Amino acid sequence: MDNETIARTFMELADVLELTGEVQFKVRAFRTASRAIEGFAESIADKVTSGGKLKLAGVGDGMIRRIKELATTGKLEELDERKKQLPGGLMDLMNLPGIGIKTAQQVWKERGITSVDELETAAKQGALRDLPRFGEKREEKLIAAITAWRKRASAPKRWPMAEALETAEALCARVRAMPGVLECQFAGSLRRRRETVGDLDILVAAEASHAIAIMDAWSTMPEVAEILAKGETKTSVVLKGGMQADLRVVPRESFGAALQYFTGSKEHNVAMRTIAVKLKLKVSEYGVFDAKDKSIAGVDEAEVYQAIGLQWMPPEMRENRGEIDLAKNDALPKLVELGDLKGDLHMHTVESDGKSTLEEMIEAARMAGRKYVAITEHSQSLAIAKGVTKERLRAHIQRIRELREKFDGKMTILAGLESDILADGALDMADELKQLDWVIGSVHSKLDMDRESMTKRVVRAIESGMIDCLGHATGRMLGHREASALDIEQVLHALKRTGTAIELNSSPLRLDIHENGARMARDLGVLVAINSDAHSTRELSFLKYGIGIARRAWLGPEHVLTTKSAKALTEWRAARAS
Ligand code: DGT
Ligand code: CA
Ligand code: CA
Ligand code: ZN
């Protein structure tokens, strides 16, 4: 047992003693001992168990006895006993920012509060303000702290793809700079671009002689909050935000096989192995092996697939949904890529709830390689998002048209609107829509309607013929709000009948329409518009998340509206209007 753990245990015992009203000198003795142990240069556990003479101020015979107990049994009976005497929720109280032992003790003794729930209720009722060192301000702060604590406590066990991607890319950059690292890539569900990710799986190719140093560097990165398991080939850590990340070090000659194996999915790997077995081959994270256990592939991933007679396939397809048969027959579809996207048909500026100006957005989109954009502010009914009035919309359209000259030839700028689909399915600002170049219809309120009403509402908006695209169809927010009860299939049929597109909103928490809906759209022949819904220039890059979902839905460029050229898009719109 390391000094830190022992020191922490002593500190906890001191807290518990103080909380139960033990005499101060005893409490202080444990704190003094804790600090002395923490600062001790050698392993204090080794020292006392080997019977060596310990001369450390503040650590007398009583403390040494406790250290021995901890080092041999892993726990301290005294602490467990004392904790049993405390009301269950009391220790939670001390985990709240701004609450120390003194306050916990105070609210417990004076108000009988023994849990976070009770503390919150009391603060809300104003029942704490009369306590010494309290007051209304402190009550308010406490309520805010409790709200934040709850949010953390119920943090999702799965992480949005965007957050995971950013974290993984930063970690990989760090790892690539470590001595001896030949190659580094993330695998797992993130490489397959699932909308949420359970943990990060990072792979490194390196000589075995570097493995220990790499693991040491990995587990001491500033991002690391906790080390779960540390070995020579695998080290798992929890990052400061709570995300788990596994690092695996493999030899160069196995890197492709490991990348294939740890990219998964598990179901895909199982199906692959079945194929291999028929060929009397064995596939593992170390390589592809023949009947004599001779390695025939492993350095790169494509080679692993080829060795068992399959085409290499994009990670987004590896879910055992028919991709293996297609790969066997050289019949894999070509998936859409970020570079195929020519335009972006959903974005906001400061005119509604965006952060960047019209000119900034257009210039940034141009720099990002877009050939056209639609500026789609919120409509009037969405007051919280500064929805535009009729007058403001008209002035905005005017400004957009003027800007066209400035960007002449470099960029096609469409004057659009994100018209709110009202509760009855009518479109907000319906009379203003005809003058626009591009209209999105989106539901923003009353998302809890029953399935039938919600479906009717959206179908009515589509059948009005006034919208070009249905925006973020389900209204979900990953980790915050469930998808509405909408019948996607019925909606897609309405879109098909009217030649209307469906949006794949690439905003990290939306990814809406989701991959199943996007797949159904493809099967039905409804075009998918991959849009950013950017509210600032930075957010224009959200398209990369939407692309991941589109690829998981097996969309090719031909299924995506925003791969069309500006001219082809205008023609498409003209054709559906007629
Ligand atoms: P996650 O982390 O829950 O979002 O999903 P994954 O797919 O990243 O799963 P994870 O992290 O448990 O494992 C990474 C990959 O390792 C997984 O996609 C496939 C491979 N793998 C893990 N366990 C097994 C297994 O028992 N059998 C096979 N064939 N592959 C496995
Ligand atoms: Ca994973
Ligand atoms: Ca994992
Ligand atoms: Zn929007």
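Below, the structure is looked at part by part.

Basis of the calculations
- Residues numbered from 1 in each chain as written.
- Chains lettered and ligands numbered in written order.
- Predicted model: local features only at pLDDT ≥ 70, side-chain atom pairs only at ≥ 80, totals over all residues.
- Heavy atoms only, no water.
- Pairing = 2+ DSSP bridges.
- Helix = DSSP H or I, 4+ residues; strand = E, 2+ residues; numbered from the N terminus.
- Contact = heavy atoms within 4.5 Å.
- Axes fitted to C-alpha atoms, helices over the stretch in contact; angles between N-to-C directions.
- Donors = N, O, S within 2.8 Å, 3.2 Å for Na, K, Ca; no water.
- Buried < 20%, exposed > 50% of the residue type's maximum accessible area, 1.4 Å probe, protein only.
- Near = heavy atom within 4 Å.
- Polar contact = N/O pair within 3.5 Å; in protein donor to acceptor, adjacent residues only side chain to side chain.
- Areas by Shrake-Rupley, 256 points an atom, 1.4 Å probe, with all protein chains shown as cover.
- Domains from an automatic or database assignment.
- Salt bridge = Lys/Arg side-chain N within 4 Å of Asp/Glu carboxyl O.

## Description of the sheet that holds strand β11 (residues 343-344)
Backbone hydrogen bonds hold the strands of a sheet together, and the pairing may be parallel or antiparallel. Pairing within the open sheet is parallel, and its 7 strands lie in the order β11-β12-β13-β14-β15-β16-β17. Edge positions in the sheet fall to β11 and β17 (528-531), since each of these pairs with one other strand and no more. Of the pairings in the sheet, the one linking strand β16 (residues 501-505) to β17 comprises 4 bridges and is parallel in character. Within β17, the residue paired with Leu504 across the bridge is Ile530. Relative to strand β13 (residues 412-420), helix α18 (residues 390-406) is tilted by about 160°, and along the sheet it contacts β12 (372-378) and β13.

## Digging into the coordination of the calcium ion (ligand 2)
Taken together, the protein ligands of the calcium ion (ligand 2) are Asp199 (O), Asp199 (OD) and Asp201 (OD), with distances of 2.2 to 2.7 Å. Metal-to-metal, the separation of the calcium ion (ligand 2) and the calcium ion (ligand 3) is 3.8 Å; Asp199 coordinates the two. According to the relative accessible area criterion, Asp199 is partly exposed, its value standing at 22%.

## A closer look at helix α21 (residues 515-524)
Within the sequence span of α21, burial applies to Glu515, Gly517, Ala518, Arg519 and Ala521. A positive backbone phi angle near 85° is found at Gly525, which sits one or two residues after α21.

## Structural notes on the site of ligand 1
Around ligand 1 sit 16 residues in total, of which Arg158, Ser189, Arg192, Gly198 and Asp199 are the nearest. Residue Asp199 places a side-chain N or O atom 2.9 Å away from an oxygen atom belonging to ligand 1. Asp201 places a side-chain nitrogen or oxygen 3.1 Å from an oxygen atom of ligand 1. Relative to its unbound accessible surface of 590 Å², ligand 1 loses 71% to contact with the protein. Elements with a contribution of two residues or more to the shell around ligand 1: α11 (188-191), α13 (255-263) and α14 (266-278). Mapping the shell around ligand 1 onto the domain boundaries places at least three of its residues in each of domain 2 (159-250) and domain 3 (255-328).

## Topic: the pattern of salt bridges
One pass over the full model with this rule turns up 45 salt bridges. Across the salt bridge formed by Asp15 and Arg31, the nearest N and O atoms sit 3.1 Å from each other. You can see Asp15 sitting in helix α1 (residues 3-19) and its partner Arg31 sitting in helix α2 (residues 24-38), a full 16 residues away along the chain. Among the salt bridges present, the one from Glu319 reaches Arg552, with a minimum N-O distance of 2.9 Å. Of this pair, Glu319 sits in the loop between α15 (301-307) and α16 (323-328) while Arg552 sits in helix α22 (residues 543-552), and the two are 233 residues apart along the sequence. Per residue, the accessibility class of Glu319 equals that of Arg552, and both read buried. Each of the salt bridges in this network shares a partner with another, and the network as a whole consists of Arg192, Glu319, Arg321, Glu515, Arg519 and Arg552.

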